[in-house]
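Listed here are the chains, written in short residue letters.
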Amino acid sequence: MSIPANLKYTKDHEWVSIEGDVATVGITHFAQKELGDIVYVEVETLDQTLDKDEVFGTVEAVKTVSDLFLPLTGEIIAFNESLESAPETVNSDPYGAGWMIKIKISDASEIDSLLSDEAYKQLIGA
């Protein structure tokens, strides 16, 4: 199972890539595998500022719907609109083209609470 070392992770199975004060967020390979075939990604929080751990959207698979939790406090500045017509991209390329949102980070100190790749591997038993 792929767990890139250059990313940070959450206990809720989201990955975070940080460049300056912008974080790109998606769900991990583990999460998409557990969910199964993803058929819909919904984010209605674009241009809103949310706190860490608030729900920013949902991902719907054939048999379940799962909330998506914001890994860092900030303003949601972008949504991957290609997921509207091709949500299965989250299954085929979760760490690349399957990204979900970009956040303008409000509190950089929260980055320290994210998991390293090694800590995430322990969490999922990889």
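Residues numbered from 1 in each chain as written. Predicted model: local features only at pLDDT ≥ 70, side-chain atom pairs only at ≥ 80, totals over all residues. Heavy atoms only, no water.

S.K.: What is the right way to look at the overall build of the protein in this model?
M.R.: In terms of regular secondary structure, the protein is built from 4 helices and 9 strands. Starting at the N terminus and ending at the C terminus, the protein contains elements arranged as β-β-β-α-β-β-β-β-β-α-α-β-α. Relative to the compact-globule value of 14 Å for 126 residues, the protein shows a C-alpha radius of gyration of 13 Å, a close match. Projected onto the principal axes, the alpha-carbon positions of the protein cover approximately 35 × 35 × 20 Å. Each of the 126 residues in the protein was classed as buried or not, and the buried ones make up 46%. Within the protein, residue pairs in contact and separated by at least 24 positions form 60% of the contacts whose partners lie at least 6 positions apart. Of the roughly 6400 Å² of accessible surface on the protein, 46% is carried by carbon and sulfur atoms. Here the protein contributes 8 positively and 24 negatively charged side chains, and the mean placements of these two sets differ by 8 Å. (Helix = DSSP H or I, 4+ residues; strand = E, 2+ residues; numbered from the N terminus. Rg over C-alpha atoms; globule rule 2.2 N^0.38 Å. Buried < 20%, exposed > 50% of the residue type's maximum accessible area, 1.4 Å probe, protein only. Contact = heavy atoms within 4.5 Å. Areas by Shrake-Rupley, 256 points an atom, 1.4 Å probe, with all protein chains shown as cover. Lys, Arg positive; Asp, Glu negative; His and termini not counted. Charge placed at Lys NZ, Arg CZ, Asp CG, Glu CD.)

S.K.: I keep staring at the pairing of strand β2 (residues 14-19) and nothing clicks. Help me out?
M.R.: Within a regular beta strand, the side chains point alternately toward one face of the sheet and then the other, so they alternate between its two faces. By the bridge criterion, 2 bridges tie strand β1 (residues 8-9) to β2 in an arrangement that is antiparallel. Bridging across to β2, Tyr9 finds its partner in Trp15. With antiparallel pairing between neighbouring strands as the criterion, β1 and β2 make up a hairpin whose turn holds 4 residues, including His13 at a positive phi of roughly 70°. Linking β2 to strand β3 (residues 22-27), which pair antiparallel, is a turn of 2 residues; within it Gly20 sits at a positive phi near 65°. (Pairing = 2+ DSSP bridges.)

S.K.: When you look at the UniProt feature "domain: Lipoyl-binding" (unreviewed entry) in the protein in this model, what are you seeing that I'm missing?
M.R.: Here the UniProt-annotated "domain: Lipoyl-binding" (unreviewed entry) positions come out as residues 22-104. In this annotation, residues 22-104 is assigned 18% helix and 42% strand; the end-to-end C-alpha distance for the span is 5 Å. (UniProt positions renumbered as here; feature names shortened; annotations may be inferred.)

S.K.: Is there a simple way to explain the side chain of Glu110 in this structure?
M.R.: In this structure, Glu110 sits in the loop between β9 (101-105) and α4 (117-124). Among buried charged residues, Glu110 stands out as having no salt bridge; its nearest opposite-charge side chain is Lys52, 6.3 Å away. Excluding anything up to four places from it in sequence, Glu110 contacts Lys52, Leu72 and Thr73. (Salt bridge = Lys/Arg side-chain N within 4 Å of Asp/Glu carboxyl O.)

S.K.: Explain α4 to me, please; I cannot follow it from the model alone.
M.R.: Since the α-helix turns once every 3.6 residues, residues separated by three or four places project in the same direction. Looking only at α4, the buried set comprises Asp117, Tyr120 and Ile124. End-on view of α4: buried residues confined to an arc of 60°, all on one side of the axis. Residues of α4 that are buried in the fold lie against β1 and α1 (29-35). (Arc of directions from axis to C-beta.)

S.K.: Even after reading the chapter, I still don't get the packing of aromatic side chains, so can you show me in this structure?
M.R.: Taken as a whole and assessed by the stated rule, the structure comprises 2 aromatic pairs. The interplanar angle of 15° and the centroid separation of 4.8 Å between the aromatic rings of Tyr9 and Tyr120 together place this pair among those described as stacked. With a gap of 111 residues between them, Tyr9 in strand β1 and Tyr120 in helix α4 connect regions that are remote in the sequence. Each member of the pair, Tyr9 together with Tyr120, is buried. Note on Trp15 and Tyr95: the rings are 6.1 Å apart at their centroids and 55° apart in plane angle, and the pair reads as tilted. With Trp15 in strand β2 and Tyr95 in the loop between α3 (89-92) and β9, this pair connects stretches of sequence that are 80 residues apart. Against the face of Trp99 rests Lys102, its NZ or CZ located 4.8 Å from the ring centre. (Phe/Tyr/Trp six-rings, centres within 6.5 Å; stacked < 30°, edge-to-face > 60°. Lys NZ or Arg CZ within 6 Å of the ring centre and 35° of its normal.)

S.K.: Is there a simple way to think about the nonpolar core in this case?
M.R.: One recurring pattern in soluble globular proteins: nonpolar side chains tend to sit buried together. In this structure, Ile27, Val41, Phe56, Met100 and Ile101 are the most contacted members of the largest nonpolar core, which totals 26 residues. Those elements giving two or more residues to this core turn out to be β3, α1, β4 (38-42), β6 (55-61), β8 (74-79) and β9. Excluding its chain neighbours within four sequence positions, the residues that come into contact with Met100 are Val25, Gly26, Ile27, Val41, Val59, Leu68, Ala78, Phe79, Asn80, Leu83 and Val90. Membership of the second largest hydrophobic core comes to 9 residues, among which are Leu7, Tyr9, Trp15 and Ile124. (Core = buried A, V, L, I, M, F, W, Y, C linked by side-chain atoms within 4.5 Å.)

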